[in-house]
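# Chain and residue survey
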4 protein chains.
Amino acid sequence: MSTTDDPLSWAREYTPVLQSLGDEYDDEEPLAGYTIGLATHMEAVSGCLVETLARAGAEVLFTASEPQSTHGDVVQYLDDQPGITAFVREGMSDAEFDEAQHELLEREPDFLLDDGCELIAKVHDEHPEIAKQILGGGEQTTAGITRAEAMERDGVLEFPVYSVNDTPMKHFFDNVHGTGESALVNVSITTNTVITGQTVVVAGYGYCGRGIARKARGLGAQTVVTEVEPRKALQAHMDGHRVLSMPEAAEIGDIFITSTGTRDVIRREHFEAMQDGAQLANAGHFDVEIDLDGLAEYAESVSEPREGITRYTTPDGRHLNLLADGRLVNLTGPASDGHPAEIIDTTHAMMFVAADDLLTRDHDLGPGLYAIPDRLDRQMAERKLETLDIDTDAVTEKQVAYAEDWRNEGSAF
Amino acid sequence: MSTTDDPLSWAREYTPVLQSLGDEYDDEEPLAGYTIGLATHMEAVSGCLVETLARAGAEVLFTASEPQSTHGDVVQYLDDQPGITAFVREGMSDAEFDEAQHELLEREPDFLLDDGCELIAKVHDEHPEIAKQILGGGEQTTAGITRAEAMERDGVLEFPVYSVNDTPMKHFFDNVHGTGESALVNVSITTNTVITGQTVVVAGYGYCGRGIARKARGLGAQTVVTEVEPRKALQAHMDGHRVLSMPEAAEIGDIFITSTGTRDVIRREHFEAMQDGAQLANAGHFDVEIDLDGLAEYAESVSEPREGITRYTTPDGRHLNLLADGRLVNLTGPASDGHPAEIIDTTHAMMFVAADDLLTRDHDLGPGLYAIPDRLDRQMAERKLETLDIDTDAVTEKQVAYAEDWRNEGSAF
Amino acid sequence: MSTTDDPLSWAREYTPVLQSLGDEYDDEEPLAGYTIGLATHMEAVSGCLVETLARAGAEVLFTASEPQSTHGDVVQYLDDQPGITAFVREGMSDAEFDEAQHELLEREPDFLLDDGCELIAKVHDEHPEIAKQILGGGEQTTAGITRAEAMERDGVLEFPVYSVNDTPMKHFFDNVHGTGESALVNVSITTNTVITGQTVVVAGYGYCGRGIARKARGLGAQTVVTEVEPRKALQAHMDGHRVLSMPEAAEIGDIFITSTGTRDVIRREHFEAMQDGAQLANAGHFDVEIDLDGLAEYAESVSEPREGITRYTTPDGRHLNLLADGRLVNLTGPASDGHPAEIIDTTHAMMFVAADDLLTRDHDLGPGLYAIPDRLDRQMAERKLETLDIDTDAVTEKQVAYAEDWRNEGSAF
Amino acid sequence: MSTTDDPLSWAREYTPVLQSLGDEYDDEEPLAGYTIGLATHMEAVSGCLVETLARAGAEVLFTASEPQSTHGDVVQYLDDQPGITAFVREGMSDAEFDEAQHELLEREPDFLLDDGCELIAKVHDEHPEIAKQILGGGEQTTAGITRAEAMERDGVLEFPVYSVNDTPMKHFFDNVHGTGESALVNVSITTNTVITGQTVVVAGYGYCGRGIARKARGLGAQTVVTEVEPRKALQAHMDGHRVLSMPEAAEIGDIFITSTGTRDVIRREHFEAMQDGAQLANAGHFDVEIDLDGLAEYAESVSEPREGITRYTTPDGRHLNLLADGRLVNLTGPASDGHPAEIIDTTHAMMFVAADDLLTRDHDLGPGLYAIPDRLDRQMAERKLETLDIDTDAVTEKQVAYAEDWRNEGSAF
């Protein structure tokens with residue numbers, strides 16, 4: 001058996017949209033002359049984005065958005081390619097990780113493709129002069145958009161940023177299905193237990209939480225949702241989930257998965273109420289959703305009964321089992337290889353298109369957070385459907401006329 | 001057994017939100033002095049909206065939005081109440097139905113609560129002078145909003161209209177769950193067959209289509225979705241449905257349900273390809289989604305093998321079975337008693353609130369179509385959760401601070 | 001439009017298996033010379049069984065197994081055919097119903113096809129001399145088999161009875177899917193409320209209960225299951241339902257559906273704990289699963305707020321709403337037209353085959369309850385798959401050899 | 001952080017049934033004096049069975065039933081305990097694995113607890129004198145029971161064997177849910193792709209196949225089932241899956257999972273029809289379900305693009321991706337840690353009880369394959385429900401009387 005495949009070989013097959021963009025752009029090289037700085041979870045699928053940007057002519061500088069999820073072989077392979085420079089390596093400490101991001105920024109990229117608003121926040125906060133030279137950015141996560149919105153409110157943003165996150169394609173494809181399925185799969189593998197028959201508490205009923213809850217139910221779990229927003233709470237109720245406050249949910253949950261975008265969703269008062277053996281996982285961007293400091297303070301002792309699981313023994317002898325150190329369980333669980341390939345493909349393709357659109361069309365946008373134009377989102381969906389060989393119907397002329405005619409002549413009433 | 005309950009007795013139990021509004025407003029009577037014209041499917045649940053408007057002090061004039069779904073006992077009961085006048089009766093012809101709407105409009109209401117934009121279109125088209133005096137309106141269906149948007153584009157709207165339809169509450173509650181479940185239930189009852197095991201083709205993957213497709217799958221159907229919009233097509237695919245063009249779907253479907261908002265979605269070329277015994281139903285507002293003229297022309301003969309079913313025999317001897325004359329199957333099927341009560345409760349409560357807000361707060365809105373203010377939608381959700389005795393979590397001060405601080409100090413990275 | 005279809009016209013299209021049996025047997029008439037007595041819910045689909053028996057040459061005497069579910073037009077149409085005699089009419093009192101069954105039995109049929117063991121129990125109990133002459137019987141319900149087993153234990157059975165009920169085809173097809181879906185559909189239509197978002201309590205997790213619970217979950221309900229058998233309780237738990245005792249379930253249920261085969265599953269102590277507005281329905285054979293006497297004694301007053309619903313007002317003012325008088329909600333609900341056609345088709349085809357097999361093959365079986373031979377069940381499945389145009393795979397010779405060779409030579413280990 | 005937990009520490013928390021048996025039996029030691037030989041997938045959860053047998057007094061000799069799934073740390077830990085001897089180590093070759101099984105058998109155990117009928121077949125085939133001395137056995141897999149049935153048909157079985165596999169607890173708990181979920185989870189992790197949106201072909205609709213298909217659908221896949229048995233095919237159809245022959249399925253599947261118990265279910269003619277990128281996985285006991293020799297012969301070249309995946313390139317350039325070498329993907333996938341803990345807990349508890357019952361009750365059973373007594377299965381379910389804190393209802397005296405009285409006096413009809 002020959003095993004000479006390069007580390008992107010598998011991922012390329014599952015990133016048909018990026019590949020089709022690369023195939024279309026590698027002659028013309030529209031991004032030639034631009035330097036693009038990129039931070040994301042750095043594994044094979046992200047590697048395909050780096051590669052596609054380079055194929056389109058860009059000089060690419062890449063780092064990680066999270067230190068634990070880096071795959072060394074991918075980094076090495078990319079760094080060996082012309083026009084690509086790595087600012088990350090596997091097994092970095094938090095300090096080294098921080099330092100690497102600064103190094104990348106000091107190379108003065110023209111454009112930033114970001115995850116969690118890592119680079120965008122850092123360049124404004126600590127390299128304000130460099131920020132002023134940047135032409136634009138793209139951000140792909142809900143958590144990052146929240147951050148960018150706060151920056152916009154504070155009036156500090158120096159360049160236009162496309163919100164890749166807030167598109168139908170991102171929400172319904174990546175958040176609902178990508179995070180939804182991979183969070184559960186990683187909980188199941190990390191703990192070697194089943195989702196079926198468990199009471200799964202999902203904190204937050206945004207797109208990610210909706211996906212997690214729906215698929216947990218699809219596997220046979222009893223699902224509980226906690227929310228702060230009444231419309232989302234009601235939606236969860238109508239979707240067949242029990243909606244409880246966290247103090248109520250804490251008492252009955254077997255598995256807790258947070259996906260809220262905020263901090264301390266599960267905290268001391270909830271730890272105190274939980275059952276022996278409760279599993280705690282986070283599927284939100286930052287490791288703040290479960291109050292880790294509060295958990296450490298509360299616990300009498302800590303052990304690691306299994307890779308990827310930290311067991312906190314409470315004063316009254318219960319075990320609370322934290323998965324993946326409270327970091328994104330779907331990306332940093334011991335068996336995780338990053339977000340599923342065909343999911344991240346479309347999100348990354350949208351990141352590519354965001355860069356291409358902002359850099360090469362003459363938009364003349366001032367600083368601020370901008371929705372990605374709907375036509376780009378729609379084109380991406382068309383491109384994806386093509387790779388799936390799915391046909392849609394065409395709108396007929398009569399249907400166009402019907403939609404435009406509010407008198408609806410010809411209808412029965 | 002005593003059977004003295006009035007015809008709204010059952011519906012009142014299943015409209016807790018309307019009842020809570022009535023209880024809150026019937027002392028103060030904020031709508032006193034206003035005349036409200038209302039058109040909707042006129043059965044017991046709608047009757048509760050009429051009653052609640054009257055309790056809040058309004059003079060109410062009501063008609064139907066569709067002639068087949070009127071319940072005579074409800075109309076009679078309401079018409080007997082002070083401050084309420086009926087412009088509809090059971091079993092009206094289309095001409096009488098049209099005439100009744102004109103009579104209502106000629107009474108010069110101050111406000112119109114509408115379904116399908118029936119009254120709003122008619123008053124602009126045929127009573128322009130009356131239209132100029134109207135203070136505002138509310139519209140509750142997707143089809144009606146499409147019509148109102150066309151009117152706005154044409155610059156003909158004379159007063160502000162609240163789009164009750166375009167709210168999270170309406171989409172996720174009424175369209176997905178109300179139409180979704182009741183369309184299937186009525187197909188099942190009308191045909192005396194099961195959804196399980198059938199190939200169900202859902203045309204259109206908007207909120208209604210999504211609900212129909214999801215619940216058909218939940219019952220055990222093989223679902224097929226047809227779409228014209230690529231993002232929706234992709235969403236359907238990711239939700240586990242087969243996405244096909246209508247020509248492909250026509251060949252394999254057992255049950256077809258349209259929910260597109262446009263006309264001729266199923267037409268001659270599709271009828272020609274269908275299997276013997278195919279069932280055709282419509283869940284969109286107007287009876288134009290299945291090309292009924294085309295079907296009649298194509299058929300060699302027509303019979304009625306069962307109440308609510310018209311059987312078209314094709315030239316090659318196949319039977320195509322049209323349900324409920326191609327009108328809204330969930331509202332006009334032979335066993336239908338209108339949209340499910342607790343669903344229409346929240347939609348109608350929002351209609352009530354739209355009237356109250358536009359009439360009694362000093363908005364000074366010019367003519368145009370307006371989104372219902374988000375705070376009203378949120379309040380409605382809170383009111384509904386209260387009736388369900390469901391608790392949500394409160395946002396903590398630390399969480400507020402976290403959302404506002406884009407530097408995210410205190411987080412691990 | 002011509003509407004000359006006979007009352008079986010629709011049902012014939014949805015009973016392809018019976019039609020294929022009729023087509024195969026109507027030349028040869030293998031049942032000529034035999035008189036078959038039949039009791040079942042007497043609507044159009046059952047009419048197709050009567051017709052098919054007659055096509056195969058039998059003299060058919062039919063009555064109902066339940067007085068409320070009889071359709072007069074079907075009875076009349078059949079009674080007008082040669083070789084068929086009706087012993088039932090629409091709107092019979094319980095006394096008339098009982099009398100009609102006796103009249104049928106007094107005609108001394110050779111064979112009984114039964115539902116709930118109505119005729120079989122009655123002929124043994126009240127016409128013992130006639131019972132001695134009967135050649136055999138077939139029974140199609142779980143409740144009827146329980147009764148026949150008790151008769152066998154008591155040593156009173158006088159002839160062989162085929163248990164049509166206890167076959168894979170019956171359990172997985174009719175009970176899970178037929179009863180499962182139609183019970184929910186009829187609850188939804190009878191109450192004009194949705195299943196979605198409700199807490200649905202299913203009493204009994206046999207094949208029927210499993211279907212009801214699964215489909216309620218599929219529509220978006222929160223499901224609760226009560227059981228007495230630990231394996232079934234555990235199965236329900238693993239299938240994602242909450243398993244509670246009835247006292248616990250009584251406090252939280254919105255809709256209760258019984259499918260246990262026994263009596264008083266919901267009784268005084270449970271009525272006392274229920275929420276205002278609780279809906280009570282039965283999907284088991286007899287109207288004993290909900291303790292109706294206990295409910296009537298407990299209630300302060302009774303009314304009928306809606307067709308098919310009896311409202312019991314409790315001493316503390318709560319409303320408990322009984323559907324379809326506690327009789328089979330899927331068969332006797334106001335909108336019901338009997339079990340779904342294509343479901344009952346296979347069950348009735350099995351009844352047909354049971355009669356044919358016992359009467360025309362020389363089995364020489366003594367009195368007793370017999371499983372229907374597996375080959376007949378398998379043939380029925382093959383016949384049904386053929387009508388659905390579904391292909392299965394063939395077993396290869398190598399696979400046969402593999403299954404027979406316990407040494408598994410050629411396998412890797 | 002202290003990390004001193006032994007390698008069974010995590011598994012003990014998720015094997016509450018085994019722990020409760022151990023707690024009950026470790027004083028009395030009913031198995032003292034007996035030597036039990038055990039073969040199974042040897043990881044932490046199986047280790048808990050070994051430990052529980054030892055706690056009950058048995059001398060335990062253990063080996064693996066499959067060479068790839070052995071965890072060295074567990075083997076070492078157990079081997080260090082008194083009364084336990086390992087005949088297996090991590091990383092054995094097939095030849096060493098075979099040799100180790102012989103060594104175990106040569107120690108002349110009194111009882112065999114088996115998986116796949118490994119030890120039972122081998123002792124009869126190659127150590128007939130030892131087989132004659134053995135008091136009994138227990139077998140836990142469908143594949144093993146097929147083998148034992150063949151041995152019984154051939155008249156070679158020398159001792160009684162309890163079929164632990166053929167119990168409600170095993171089928172509904174272990175096969176449907178354990179294999180169902182873990183097969184999908186391991187496919188997802190091994191390939192880093194999602195199940196959602198894929199066309200998943202499940203070969204075989206036994207208990208395992210049913211679980212895989214149901215949960216794949218629950219995650220959002222389009223499911224296809226292939227079968228040879230018409231009742232199972234029809235059941236799959238009614239459960240909402242497309243039923244196709246394998247030649248039809250081969251053309252459209254994205255992921256193929258076999259669970260048939262037989263060989264060559266996917267073979268040359270199917271490989272030729274598959275789409276580029278098809279994923280092939282096996283969830284049946286032996287690695288014969290996918291014709292691996294046929295695949296190797298057909299392929300032009302072979303590579304390993306990712307751990308756990310073998311990529312076969314066909315003559316026309318398509319890639320067919322074999323997972324886990326065609327061995328049980330849920331047990332031998334690269335991220336697998338064996339069957340989920342709480343699932344195998346009940347199966348292993350039943351194995352324990354089988355040994356205890358056959359060895360310590362005076363059954364006087366001759367050689368043959370025996371169903372495990374229903375009371376043992378029931379007790380196991382009760383024990384499991386107790387660990388879950390789930391209450392069932394009690395049968396009332398009136399209900400007992402009702403079931404026994406076929407005349408059903410007191411019922412309405």
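Residues numbered from 1 in each chain as written. Chains lettered and ligands numbered in written order. Predicted model: local features only at pLDDT ≥ 70, side-chain atom pairs only at ≥ 80, totals over all residues.

### Description of the overall build of chain A
- Helix and strand counts for chain A stand at 18 helices and 15 strands.
- Against the 2.2 N^0.38 benchmark of 22 Å for 413 residues, chain A shows a C-alpha radius of gyration of 23 Å, consistent with a compact globule.
- Each of the three principal axes of chain A carries a C-alpha extent, and together these read 70 × 65 × 55 Å.
- A total of 413 residues make up chain A; the buried ones form 63% of that total.
- Considering only intrachain contacts with a sequence separation of at least 6, the fraction spanning at least 24 residues in chain A is 72%. (Helix = DSSP H or I, 4+ residues; strand = E, 2+ residues; numbered from the N terminus. Rg over C-alpha atoms; globule rule 2.2 N^0.38 Å. Buried ≥ 20, exposed ≤ 12 C-beta atoms within 10 Å, placed from the backbone. Contact = placed C-beta atoms within 7 Å.)

### Structural notes on the interface of chain C and chain D
- Listed as interface residues are 62 residues of chain C and, on the opposing side, 62 residues of chain D.
- Where the side of chain C that touches chain D is concerned, the elements lending two or more residues are helix H5 (94–106), helix H6 (118–126), helix H8 (142–153), helix H9 (168–191), helix H11 (230–238), helix H12 (246–252), helix H17 (374–388) and helix H18 (397–404) of chain C.
- Broken down by class, the residue content of the side of chain C that touches chain D amounts to 30 nonpolar, 12 polar and 20 charged. (Nonpolar A, V, L, I, M, F, W, Y, C, P; charged D, E, K, R; others polar.)

### Overview of the UniProt feature "binding site: NAD(+)" (unreviewed entry) in chain A
- The positions UniProt marks with the feature "binding site: NAD(+)" (unreviewed entry) are Gly206, Tyr207, Cys208, Gly209, Arg210, Gly211, Glu227, Ala283, Gly284, His285, Asn330 and His339 of chain A. Over a stretch of 134 residues, the named residues are scattered through the fold, their C-alpha atoms separated by up to 25.0 Å.
- Note that Glu227 of chain A resides in the loop between strand E8 (222–226) and helix H11 (230–238).
- Using a count of 29 C-beta atoms within 10 Å as the deciding quantity, one classes Glu227 of chain A as buried.
- Setting aside residues no more than four positions away along its own chain, Glu227 of chain A makes contact with Gly204, Tyr205, Lys232, Ala233, Ala236 and Val243 of chain A together with Thr392 and Asp393 of chain B.
- Within the fold, Gly284 of chain A resides in the loop between strand E11 (278–282) and helix H14 (292–298).
- Overall, Gly284 of chain A belongs to the buried group, with 30 C-beta atoms counted inside 10 Å. (UniProt positions renumbered as here; feature names shortened; annotations may be inferred.)

### Quick notes on the confidence of the model for chain A
All names here are of chain A.
- Residues of chain A with pLDDT of at least 70 account for 97%, and the chain-wide mean is 92.
- Predicted confidence for residues 409–413 stays below pLDDT 50, and this span has 5 contacts to residues more than four positions away or in other chains.
- If you check the scores for this complex, the pTM reads 0.91 and the ipTM reads 0.90. (pLDDT = per-residue confidence, 0-100.)

### Considerations on the relation of the copies chain C and chain A
- For the pair chain C and chain A, the relating rotation is 180 degrees, the translation along its axis is 0.0 Å, and the fit reaches an RMSD of 0.0 Å. In short, the pair behaves as if placed about a two-fold rotation axis.
- Taken as a fraction of all interface residues of chain C, those also at the interface in chain A reach 100%, which identifies the copy contact as same-surface. (Least-squares fit on C-alpha atoms with pLDDT ≥ 70 in both.)

### Observations concerning the sheet that holds strand E14 (residues 319–323) of chain A
Residue and element names in this part refer to chain A.
- Taking strand neighbours across the sheet as the criterion, the 8 strands line up as E9-E8-E7-E10-E11-E14-E13-E12 in an open arrangement whose pairing is mixed. Strand pairing shows two members of the sheet lacking a second neighbour, strand E9 (242–243) and strand E12 (301–306), which therefore form its edges.
- With 4 bridges joining them, strand E7 (residues 199–203) and strand E10 (residues 255–258) adopt parallel strand pairing. Residue pairing across strands places Val200 opposite Ile255, the latter belonging to E10. (Pairing = 2+ DSSP bridges.)

### A word on the interface of chain C and chain A
- Taken together, the contact pairs 11 residues of chain C with 11 residues of chain A.
- Residue composition of the side of chain C that touches chain A, by class: 2 nonpolar, 6 polar and 3 charged.

### Some points on unusual backbone geometry
Residue and element names in this part refer to chain D.
- One non-glycine residue with positive phi stands out, namely Glu108, at about 55 degrees.
- Inspection of the secondary structure puts Glu108 in the loop between helix H5 (94–106) and strand E4 (111–114).
- Backbone geometry at Cys117 places phi at a positive 60 degrees, although glycine is not the residue there.
- In this structure, Cys117 sits in the loop between E4 and helix H6 (118–126).
- The exposure class assigned to Cys117 is buried, which follows from the 29 C-beta atoms found within 10 Å.

### What about the pairing of E11 of chain A?
All names here are of chain A.
- In terms of burial, E11 is a largely internal element, 5 of the 5 residues being buried.
- Residues Ala278, Leu280 and Asn282 of E11 are buried on one face, and the alternating residues Gln279 and Ala281, pointing to the opposite face, are buried as well.
- In this structure, E10 lies alongside E11, joined through 4 bridges in parallel fashion. Considered in E11, the bridge of Thr258 is made with Asn282.
- Bridging between E11 and E14 involves 3 bridges; their strand directions are parallel. When the sheet's bridge partners are listed, Ala278 is paired in E14 with Leu320.

### What to know about the environment of Ser182 of chain D
Residue and element names in this part refer to chain D.
- Looking at the secondary structure, you find Ser182 in helix H9 (residues 168–191).
- Among the residues examined, Ser182 registers 31 C-beta atoms within 10 Å and is labelled buried.
- Discounting chain neighbours no more than four positions away, the residues touching Ser182 are Asn330, His339 and Pro340.

### Some thoughts on the relation of the copies chain C and chain D
- Mapping chain C onto chain D calls for a rotation angle of 180 degrees and an axial translation of 0.0 Å; the resulting RMSD is 0.0 Å.
- Same-surface contact between copies: 100% of interface residues of chain C are shared with the interface of chain D.

### Some points on the sheet that holds strand E12 (residues 301–306) of chain D
All names here are of chain D.
- Reading across from one edge, E9-E8-E7-E10-E11-E14-E13-E12 is the order of the 8 strands in this open sheet, with mixed pairing throughout. Strands at the two margins of the open sheet, each flanked by one partner only, are strand E9 (242–243) and E12.
- Where strand E7 (residues 199–203) meets strand E8 (residues 222–226), 5 bridges bridge the pair, whose relative direction is parallel. Within E8, the residue paired with Val202 across the bridge is Val225.
- The sheet contacts of helix H10 (residues 207–219) involve E7, E8 and strand E10 (255–258), and relative to E8 the element is tilted by about 160 degrees. (Axes fitted to C-alpha atoms, helices over the stretch in contact; angles between N-to-C directions.)

### Notes on H11 of chain A
- Of all 9 residues making up H11 of chain A, 9 are buried, and the element is well covered by its neighbours.
- Burial in H11 of chain A covers these residues: Pro230, Arg231, Lys232, Ala233, Leu234, Gln235, Ala236, His237 and Met238 of chain A.
- The inward-facing, buried residues of H11 of chain A contact helix H10 (207–219), E8 and E9 of chain A together with helix H9 (168–191) and helix H17 (374–388) of chain B.
- Looking one or two residues past H11 of chain A, Gly240 of chain A carries a phi angle of roughly 100 degrees, positive in sign.

### Details of the domain arrangement of chain A
Residues and elements named next belong to chain A.
- Per the domain assignment, the segments making up chain A are domain 1 (9–163 + 340–388) and domain 2 (177–332).
- When each unit is reduced to the centre of its C-alpha atoms, the spacing between domain 1 and domain 2 is 30 Å.
- Each partner contributes to the interface: domain 1 provides 12 residues, whereas domain 2 provides 11 residues.
- Considering each element in turn, the side of domain 1 that touches domain 2 owes the most residues, 3 residues, to helix H8 (residues 142–153).
- Partitioned by chemical class, the residues of the side of domain 1 that touches domain 2 number 4 nonpolar, 7 polar and 1 charged. (Domains from an automatic or database assignment.)

### Let's talk about the environment of Asp325 of chain A
All names here are of chain A.
- Note that Asp325 resides in the loop between E14 and helix H15 (329–332).
- On the basis of neighbour counts, which here come to 17 C-beta atoms within 10 Å, the residue Asp325 falls in the partly exposed class.
- Through-space distance from the C-alpha of Asp325 to that of Ala281 is 8.3 Å; in sequence the pair is 44 residues apart.

### Some details on the packing of H11 of chain A against H9 of chain B
- Between H11 of chain A and H9 of chain B, whose axes approach to 10 Å, the crossing angle comes to 10 degrees. Regarding the angle of H11 of chain A to H9 of chain B, the classification is roughly parallel. For the pair H11 of chain A and H9 of chain B, contact is made by Arg231, Leu234, Gln235 and Met238 of chain A and by Pro168, Met169, Phe172, Phe173 and His177 of chain B, respectively.
- Class assignment of the residues belonging to the contact of H11 of chain A with H9 of chain B gives a composition of 6 nonpolar, 2 polar and 1 charged. (Parallel < 35°, antiparallel > 145°, perpendicular 65-115°, else oblique.)

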